[in-house]
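Results of the structural survey
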Amino acid sequence: MTAQKLDGKAAAAEIKAELAVRVAALKERGITPGIATVLVGADPASQLYVGMKHRESESIGMNSIQRELPADATQAEVEALIDELNADPACHGYIVQLPLPKHLDTDAILERIDPAKDADGLHPTNLGRLVLNVNSPITTPLPCTPRGVIELLIRNGYDLAGKHVVVVGRGVTIGRSIGLLLTRREYNATVTLTHTGTADLAHHLRDADVIVAAAGVKHIVRAEDVKPGAAVLDVGVTREVDPETGKSKVHGDVAPDVAEVAGWLSPNPGGVGPMTVALLMTNVVEAAERG
Ligand SMILES: Nc1nc2c(c(=O)[nH]1)N[C@@H](CN(C=O)c1ccc(C(=O)N[C@@H](CCC(=O)O)C(=O)O)cc1)CN2
């Protein structure tokens, strides 16, 4: 079997085309949706991701506000910037790029974001609403990567209802929250969340209809542990310097030979990453539409 490609670049391009229409409609009402990012320090991967967020947003007519602080910024300095963005009417939604330098209290910073402007959907109020509002439509920002994974499957005609989804990794941007979305009535999936304390990962993976690999461990999902025909979403990123070229190379959580067993596979790069950016933009456009 050679897996069908879950092409994140193509799906993200579709979403961006749809958003461009909504941005134009907002502009006719005198509203230009504005996205902001806060980057603390100069981590090259974070700089790359933040740059993509601004480039993509501007390409569909959104305003973008890029704020940077040095790696040794204090908690008070970061919080003062958060307060500024909370009060800025030109900013409809913003994110604090993660991870933050270790001396900063990430939870306190995320909690200080105005929940209505929380473009990442990671504020405790928004995550709490996701837990509580099981039967009514969600009208608050949703976490971007989980939303991106689900959109990528749905736009490729994959029906999640009744499926067993095994998530690998309990990180804040995906692992901890994707189950809250997938177990809602509109998706009706059953979710197992595995992590570094899981006794027998392979046992869980072999039972999965869908694997969401977000551990950040190179090739942790091996072909022999994947059920034939399963859908496999490769989210984790490990960067290594190629000794031959001296260039940095991205490796996913999924071993290359999984493509011979899986029914569906998202490439990495080119899969979930572009979807994260597209759904971030969606959260900001939705915030501007809510007013
Ligand atoms: N505040 C947040 N911080 C982080 C998040 C997040 O959702 N919110 N997720 C990741 C990084 N991330 C977005 O910020 C992100 C990662 C990857 C991509 C992407 O499109 N990658 C490309 C490859 C790019 C390359 O390495 O050459 C791809 O997959 O095709 C976009 C966004 C951690 N921090």
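About the thresholds
Residues numbered from 1 in each chain as written. Predicted model: local features only at pLDDT ≥ 70, side-chain atom pairs only at ≥ 80, totals over all residues. Heavy atoms only, no water. Pairing = 2+ DSSP bridges. Helix = DSSP H or I, 4+ residues; strand = E, 2+ residues; numbered from the N terminus. Axes fitted to C-alpha atoms, helices over the stretch in contact; angles between N-to-C directions. Contact = heavy atoms within 4.5 Å. Buried < 20%, exposed > 50% of the residue type's maximum accessible area, 1.4 Å probe, protein only. Near = heavy atom within 4 Å. Polar contact = N/O pair within 3.5 Å; in protein donor to acceptor, adjacent residues only side chain to side chain. Areas by Shrake-Rupley, 256 points an atom, 1.4 Å probe, with all protein chains shown as cover. Nonpolar A, V, L, I, M, F, W, Y, C, P; charged D, E, K, R; others polar. UniProt positions renumbered as here; feature names shortened; annotations may be inferred.

What follows deals with the sheet that holds strand β4 (residues 93-96). Here we have three strands laid out as an open sheet, ordered β3-β2-β4, and parallel in their pairing. Single-partner strands in this sheet number two, and they are β3 (63-69) and β4. Ignoring strand direction, the axes of neighbouring strands in this sheet form an average angle of 15 degrees. Examined bridge by bridge, strand β2 (residues 34-40) and β3 share seven bridges and lie parallel to one another. If you follow V38 over to β3, its bridge partner there is R67. Its contacts with the sheet put helix α2 (residues 44-59) on β2, β3 and β4, and the angle it makes with β2 is roughly 170 degrees.

Moving on: helix α7 (residues 175-182). Counting buried positions over the eight residues of α7 gives six, a clear majority of the element. Every buried residue of α7 is accounted for by G175, S177, I178, G179, L181 and L182. Those residues of α7 that are buried are in contact with α5 (124-132), α6 (144-155), β5 (164-168), β6 (190-194) and β7 (210-213).

Turning next to the site of the ligand. Lining the immediate surroundings of the ligand are 18 residues, of which K53, V96, D120, R239 and G270 lie closest. At 2.5 Å from a nitrogen atom of the ligand is found a side-chain nitrogen or oxygen belonging to D120. Taking R239, its side chain carries an N or O atom lying 2.9 Å from an oxygen atom of the ligand. Here the ligand has 680 Å² of accessible area as a free molecule, and 81% of this is covered by the chains. For the shell around the ligand, the secondary structure elements donating two or more residues are α2 and α9 (272-290). Residue composition of the shell around the ligand, by class: nine nonpolar, six polar and three charged.

According to UniProt, the feature "binding site: NADP(+)" (unreviewed entry) maps to G169, R170, G171 and V237 in the numbering used here. Taking the farthest pair of C-alpha atoms as the criterion, the annotated set spanning 69 residues converges on one region, since that pair is 14.5 Å apart. Locating G169 in the fold gives a position in the loop between β5 and α7. Here G169 is in contact with G175, L193, T194, A214 and A215, once residues within four sequence places are set aside. Its location among the elements puts R170 in the loop between β5 and α7. A relative accessible area of 38% places R170 in the partly exposed class. Those residues in contact with R170 that sit more than four places away from it in its chain are G175, R176, L193, T194, H195, T196 and G197. Here the side chain of R170 touches H195 through a polar contact of 3.3 Å, side chain to side chain.

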